[in-house]
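Structural overview
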Amino acid sequence: LFAIFAFATCGGYSGGLRLSVDCANKSESDLNIDIAFAYPFRLYQVNFDVPTCEGKHREKLSLIGDFSSSAEFFVTIAVFAFLYSLAATVVYIFFQNKYRENNRGPLIDFIVTVVFSFLWLVGSSAWAKGLSDVKIATDPDEVLLLMSACKQQSNKCLPVRSPVMSSLNTSVVFGFLNFILWAGNIWFVFKETGWHSSGQRHPPDTMEKQSSSYNQGGYNQDSYGPAGGYNQPGSYGQVGEYGQSQSYGQSGPTSFANQI
């Protein structure tokens, strides 16, 4: 939808301006000079006739500039982004198994998303600059400077209507919104790739190895349990010099001499 709005507001534009030339000789005046232009903004091809205020002779002029490259580049990106989004939606819904097969689908999707994000940034920036130049070239005050009749103080040249550029301004806004949308989508597509999955497997493996090493070590062995000598009732569990158990805490009358 964002791509549709982007190329529709730019590619479908047509506008115009109106000028008025009031000659000293009123019979030679032309108060409604309409100049129309449209996408792709090859303004040098826009011709119009204006009075010279020197008899009935009229001069043929044209606007200045060619801004078709940035405009067509912007619209082309928008059209291809729309087509790819439509195709990707069909694959996501109906061919999910083939999309995930061999991890090839997510990788291609990730690369294409990165490329489109870069193209949206470049195309939107270029078109924003091109639109600024279009506004200058179609400014009625600038167009009046092209007329020889307006260089004479006895004649009055006035702008009647300026072109409406609201839809073109909207196209630039949608261009940068598309860049934000596609750039933000890079993370979600990256999560579908094997790179993200492989990166998530290593931390659990490391934790398992660490936990197993602690379990195998002496920290989990019951050093003070029944196997140790300190928990045996009545004795320290020490072995004497001749292999006899030395038991200092045994019950009953036992002398140290008898133990030796």
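What you are looking at is a predicted structure, and each value in this text was computed from that prediction instead of being measured.

The rules behind the values
- Residues numbered from 1 in each chain as written.
- Predicted model: local features only at pLDDT ≥ 70, side-chain atom pairs only at ≥ 80, totals over all residues.
- Heavy atoms only, no water.
- Core = buried A, V, L, I, M, F, W, Y, C linked by side-chain atoms within 4.5 Å.
- Buried < 20%, exposed > 50% of the residue type's maximum accessible area, 1.4 Å probe, protein only.
- Contact = heavy atoms within 4.5 Å.
- Pairing = 2+ DSSP bridges.
- Helix = DSSP H or I, 4+ residues; strand = E, 2+ residues; numbered from the N terminus.
- Axes fitted to C-alpha atoms, helices over the stretch in contact; angles between N-to-C directions.
- UniProt positions renumbered as here; feature names shortened; annotations may be inferred.
- Salt bridge = Lys/Arg side-chain N within 4 Å of Asp/Glu carboxyl O.
- Phe/Tyr/Trp six-rings, centres within 6.5 Å; stacked < 30°, edge-to-face > 60°.
- Patch = residues over 30% accessible without salt bridge, like charges linked within 9 Å, V, L, I, M, F, W, Y side chains within 5 Å.
- Areas by Shrake-Rupley, 256 points an atom, 1.4 Å probe, with all protein chains shown as cover.
- Parallel < 35°, antiparallel > 145°, perpendicular 65-115°, else oblique.
- Left-handed = near helix turned anticlockwise from the far one by under 90°.
- Nonpolar A, V, L, I, M, F, W, Y, C, P; charged D, E, K, R; others polar.

Right, let's talk about the nonpolar core for a bit. Counting residues in hydrophobic clusters, the biggest one holds 42 residues, and the most contacted among them are Ile35, Phe37, Phe41, Phe48, Trp120, Trp127 and Met147. Residues contacting Trp127, with those up to four places away along its chain left out, are Cys10, Phe41, Ser70, Ala71, Phe74, Leu168, Ser171 and Val172.

Another aspect to go through is the sheet that holds strand β2 (residues 30-38). Paired through backbone hydrogen bonds, the strands of a sheet run either parallel or antiparallel to each other. As summarised here, the arrangement of the three strands in space is β2-β1-β5, forming an open sheet in which the pairing is antiparallel. Since the sheet does not close on itself, it has two edges, and those belong to β2 and β5 (156-161), each with one partner. Ignoring which end each strand starts from, the neighbouring axes of this sheet average 25° apart. Bridge count for strand β1 (residues 14-22) against β5 is five bridges, and the pairing is antiparallel. Across the sheet, Leu19 pairs through a bridge with Pro159, a residue of β5.

Below, the discussion takes up the UniProt feature "transmembrane region" (unreviewed entry) in the protein chain. The positions that UniProt labels "transmembrane region" (unreviewed entry) are, in the present scheme, residues 73-95, 107-128 and 172-190. Between the end C-alpha atoms of residues 107-128 the distance is 32 Å, and the span holds 100% helix and 0% strand. In residues 172-190, helix accounts for 100% and strand for 0%; the two terminal C-alpha atoms are 28 Å from one another.

Further remarks concern the pattern of salt bridges. Applying the stated criterion to the full structure yields five salt bridges. Among the salt bridges present, the one from Lys129 reaches Asp133, with a minimum N-O distance of 2.9 Å. Linking Lys129 with Asp133, this pair stays in helix α4 (residues 104-137), spanning four residues, or about one helical turn. The partly exposed category is assigned to Asp133, whose relative accessible area is 22%.

Right, let's get into the pairing of β1. For β1, a buried count of seven out of nine residues is recorded, marking the element as mostly surrounded by other parts of the structure. Here β1 runs beside β2; their pairing, made up of seven bridges, is antiparallel. Within β2, the position partnered with Val21 by the bridge is Asp30.

Two measures describe an aromatic ring pair: the distance that separates the ring centres and the angle between the ring planes. Under the definition given, this model contains 14 aromatic pairs. Where Phe116 meets Trp182, the ring centres are 4.9 Å apart and the plane angle is 40°; that geometry is what we call tilted. Here Trp182 lies in helix α6 (residues 166-190) and Phe116 lies in helix α4, a separation of 66 residues in the sequence. Taken as a pair, Phe116 and Trp182 share a single burial class, namely buried. Cluster of aromatic residues (ring-pair linked, three or more members): Tyr13, Phe37, Tyr39, Phe41, Phe74, Trp120 and Trp127.

A cluster of nonpolar residues, Leu1, Phe2, Phe5, Val173, Leu177, Ile180 and Leu181, forms a patch on the protein surface that exposes about 680 Å² of accessible area. Secondary-structure elements contributing two or more residues to the nonpolar patch are α1 (2-11) and α6. No other element matches α6, which puts four residues into the nonpolar patch. Inspection of the secondary structure assignment puts Phe5 in helix α1.

Take the packing of α4 against α6 next. Relative to each other, α4 and α6 sit at 160°, their axes nearing to 8 Å. In terms of axis orientation, α4 runs roughly antiparallel to α6. Read as a crossing pair, α4 and α6 show a hand that is left-handed. Tallied by class, residues from the contact of α4 with α6 come to 18 nonpolar, nine polar and two charged.

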